[in-house]
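# Examining the three-dimensional arrangement
Each chain is listed here by its residues.
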Amino acid sequence: MSSSRKLKMMRRRELPFELVVEILARVPVKDLIRFRCVCKTWRSLFQDERFYRQHMTHAPTRIVSFRLSDILLGRFSCDNSGNKAEMILQANNILNARGERLVIDASLLGHCHGLFCFCFDNRIFGVWNPSLRVLREIRKPDVREWSEMGFGYDPSSQDYKIVLLLKKQGIHSEALVFSLKSGASRMIEFRDIGMLHSRVPGTLVGENIYWHVYDAKVKVTDKFLGFDLVSETFKFYPGPSNCGKGFPEVIAGGLRGGGLCTVGVDALSGGLIVWSAQHDDKIGGGIKSWSKICILSPGILEISTSCRIHRIFVVSAITYAGLLLVLVNIDGKESMKRESKLLAYNLEEKSLTNVETSLSLYSCGHLLTYVETLVPIPGRWKL
């Protein structure tokens, strides 16, 4: 057979490039990193924004928890009956080439598109993509003290932004907005309502970052402060009438549209109360109203956890695979020992299950979900 005929046959067997892209968009990031060596075309494709945005829509959701000494990665599974749920937790130390630990003892500002934004002890900011093992150090903003903080993406400018609310007295407050794309920062004024400011990360929903408002007595109010990443404006929104006592968890949920959710301890029953926000028509729009998802009574919680409950505290909450996962600490009626439990609530079936875990949950930090992405960080340095 002639060489020209062999070449024609090989070309007939080649897949169309569009189909190759569709296949690669469903391949895990760790494999795509190795595939960069296959050819220049693939290497260039993986750096194309249209491709890594497409890949992000197919990327699996992961569970992560940042602790003082290491990072927990979780894999959740549930049988077909929904009666048995299990989460495998694995401790990981994220090291650089010199064997030094990174992103430990750092404050998390927020996460978006598989990127985590941190502030380290020396007040250096960094953005980390754990899938690419890439960390970018960001120029220190010219501020000394700040309270609320957030991190998110502005689709209009295709830019990631850091938001820091500055501690101010009176009715006028300021916030610093830092652009990762340009490296520029600007101050934005907004009218305060006398809220108690504390260094807490905001919750990103679409194009908005939200913070729950507390009063001077550290009591939760029925208001939220929102920041629009596109228009760079602040606005106060109504919250649930009774979102729970103490410090309710505010999460970006997949409950009834994927909007903002709160999970707290009901002041009347002592059980858990869950609310979901209805947003404006546009994706990630402002809050219009709230609806109560459920109240899980102490009796239901005792059956699921096999504990006699005296008091219960919400530690963390996430939505994952159509379930609401809530990490709680329980003070028992008959024991002085505090227990930690992970509960899975199925919204459609209205069922509650205790999740078995491979590691102790007592030292577990806040649970987060993220997707493994190829999203690059310009000006980065590698681990």
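Residues numbered from 1 in each chain as written. Predicted model: local features only at pLDDT ≥ 70, side-chain atom pairs only at ≥ 80, totals over all residues. Heavy atoms only, no water.

### Considering the overall build of the protein
Of the regular secondary structure elements, the protein holds six helices and 25 strands. Classification of the 383 residues of the protein by burial places 50% in the buried group. Sequence-distant contacts in the protein: of pairs separated by 6 or more residues, those separated by 24 or more amount to 49%. Per element, the accessible surface of the protein, about 19,900 Å² overall, is 51% carbon and sulfur. (Helix = DSSP H or I, 4+ residues; strand = E, 2+ residues; numbered from the N terminus. Buried < 20%, exposed > 50% of the residue type's maximum accessible area, 1.4 Å probe, protein only. Contact = heavy atoms within 4.5 Å. Areas by Shrake-Rupley, 256 points an atom, 1.4 Å probe, with all protein chains shown as cover.)

### Details of the nonpolar core
Ranked by size, the top nonpolar core spans 53 residues in total, and within it Phe51, Phe151, Ile162 and Phe234 carry the most contacts. Here the element with the most residues in this core is strand E9 (residues 159-165); it accounts for five residues. Excluding residues within four positions of it along the chain, isoleucine 162 makes contact with Leu109, Cys117, Phe125, Ile138, Gly150, Phe151, Leu176, Val177, Phe178 and Leu180. By size, the runner-up hydrophobic cluster in this structure holds 23 residues, among which are Cys261, Val274, Ala317 and Leu324. (Core = buried A, V, L, I, M, F, W, Y, C linked by side-chain atoms within 4.5 Å.)

### So, helix H2 (residues 17-24)
Along H2, the residues classified as buried are Val20, Val21 and Leu24. Buried residues in H2, looked at end-on, bunch into an arc of 100°, giving them a common side. Summarising the contacts, the buried residues of H2 are in contact with helix H3 (29-35), helix H4 (40-46) and helix H5 (49-58). (Arc of directions from axis to C-beta.)

### Some thoughts on the sheet that holds strand E12 (residues 203-205)
Across the sheet, four strands lie side by side as E12-E13-E14-E15; this open sheet has antiparallel pairing. Only two strands of the sheet have a single neighbouring strand rather than two, namely E12 and strand E15 (233-238). Strand-to-strand twist in this sheet, taken as the mean axis angle between neighbours without regard to direction, amounts to 30°. Relative to E15, strand E14 (residues 220-228) is paired through six bridges, and the arrangement is antiparallel. Among the inter-strand pairings, glycine 226 is bridged to a residue of E15, identified as lysine 235. (Pairing = 2+ DSSP bridges. Axes fitted to C-alpha atoms, helices over the stretch in contact; angles between N-to-C directions.)

### Here we look at unusual backbone geometry
Excluding glycine, a negative phi dihedral is what most residues carry, and trans is how most peptide bonds are arranged. Backbone geometry places glutamine 158, a non-glycine residue, at a positive phi of 50°. Residue placement: glutamine 158 occurs in the loop between strand E8 (149-154) and E9. By relative accessible area, which is 44% here, glutamine 158 ends up partly exposed. Look at lysine 350: it is not a glycine, yet its phi comes out positive at around 55°. Assignment of secondary structure puts lysine 350 in the loop between strand E22 (338-346) and strand E23 (351-357).

### Here's the deal with the sheet that holds E8
Read across the sheet, four strands follow the order E8-E9-E10-E11 without closing on themselves; strand pairing throughout is antiparallel. Only two strands of the sheet have a single neighbouring strand rather than two, namely E8 and strand E11 (185-191). On average, each strand axis in the sheet is tilted by 25° relative to the strand beside it, whichever way the strands run. The pairing of E8 with E9 spans six bridges and is antiparallel. Looking at the pairing, aspartate 154 lines up with aspartate 159 of E9.

### Some details on helix H6 (residues 298-305)
Turning to H6, its buried residues are Leu301, Ser304 and Thr305. Here the buried residues of H6 occupy an arc of 85° about the axis, which is enough to place them on one side. Looking at the buried side of H6, the elements it contacts are strand E18 (272-279), strand E19 (287-296), strand E20 (309-320), strand E21 (323-332), E22 and E23.

### Here's the deal with the packing of H2 against H5
Put simply, H2 and H5 touch, their axes get as near as 9 Å, and they point 50° apart. Put simply, H2 runs oblique to H5. Note on element contacts: H5 touches H2 through Phe51, Gln54 and His55, opposite Val21, Glu22 and Leu24. Among the residues forming the contact of H2 with H5, the class breakdown is three nonpolar, two polar and one charged. (Parallel < 35°, antiparallel > 145°, perpendicular 65-115°, else oblique. Nonpolar A, V, L, I, M, F, W, Y, C, P; charged D, E, K, R; others polar.)

### Looking at the pattern of salt bridges
Tallied over the entire structure, the rule returns 12 salt bridges. For glutamate 372, the salt bridge is made with arginine 62, and the minimal N-O distance between the two is 3.5 Å. Taken together, the positions of glutamate 372 in the loop between strand E24 (367-371) and strand E25 (381-382) and arginine 62 in strand E1 (residues 61-66) put the pair 310 residues apart, joining distant regions of the chain. By relative accessible area, glutamate 372 is classed as buried at 19%. (Salt bridge = Lys/Arg side-chain N within 4 Å of Asp/Glu carboxyl O.)

### Details of the side chain of aspartate 159
Summarising the element assignment, aspartate 159 is placed in strand E9. The charged side chain of aspartate 159 is buried without a salt bridge, its nearest counter-charge being arginine 186 at 5.4 Å. Aside from chain neighbours lying at most four places away, what touches aspartate 159 is Gly152, Tyr153, Asp154, Ser179, Leu180 and Lys181. (Lys, Arg positive; Asp, Glu negative; His and termini not counted.)

### Digging into the pairing of strand E17 (residues 260-265)
The buried count for E17 comes to six of six residues, which makes it a mostly enclosed element. With burial as the criterion, each face of E17 is covered, one bearing Leu260, Thr262 and Gly264 and the other bearing Cys261, Val263 and Val265. The pairing of E17 with E18 spans five bridges and is antiparallel. Within the sheet, the bridge partner assigned to threonine 262 lies in E18 and is tryptophan 275.

### Quick notes on the pairing of strand E6 (residues 125-129)
Regular strands place their side chains on alternate faces of the sheet. With five of five residues buried, E6 lies mostly within the body of the structure. Residues of E6 alternate between two faces, with Phe125, Val127 and Asn129 on one and Gly126 and Trp128 on the opposite face, all of them buried. Pairing between strand E5 (residues 115-119) and E6: four bridges, direction antiparallel. From the neighbouring strand, cysteine 117 faces E6, where its bridge partner is valine 127. Across five bridges, E6 lies against strand E7 (residues 134-138) in antiparallel orientation.

Functional significance is not addressed by these values, which are geometric in nature.
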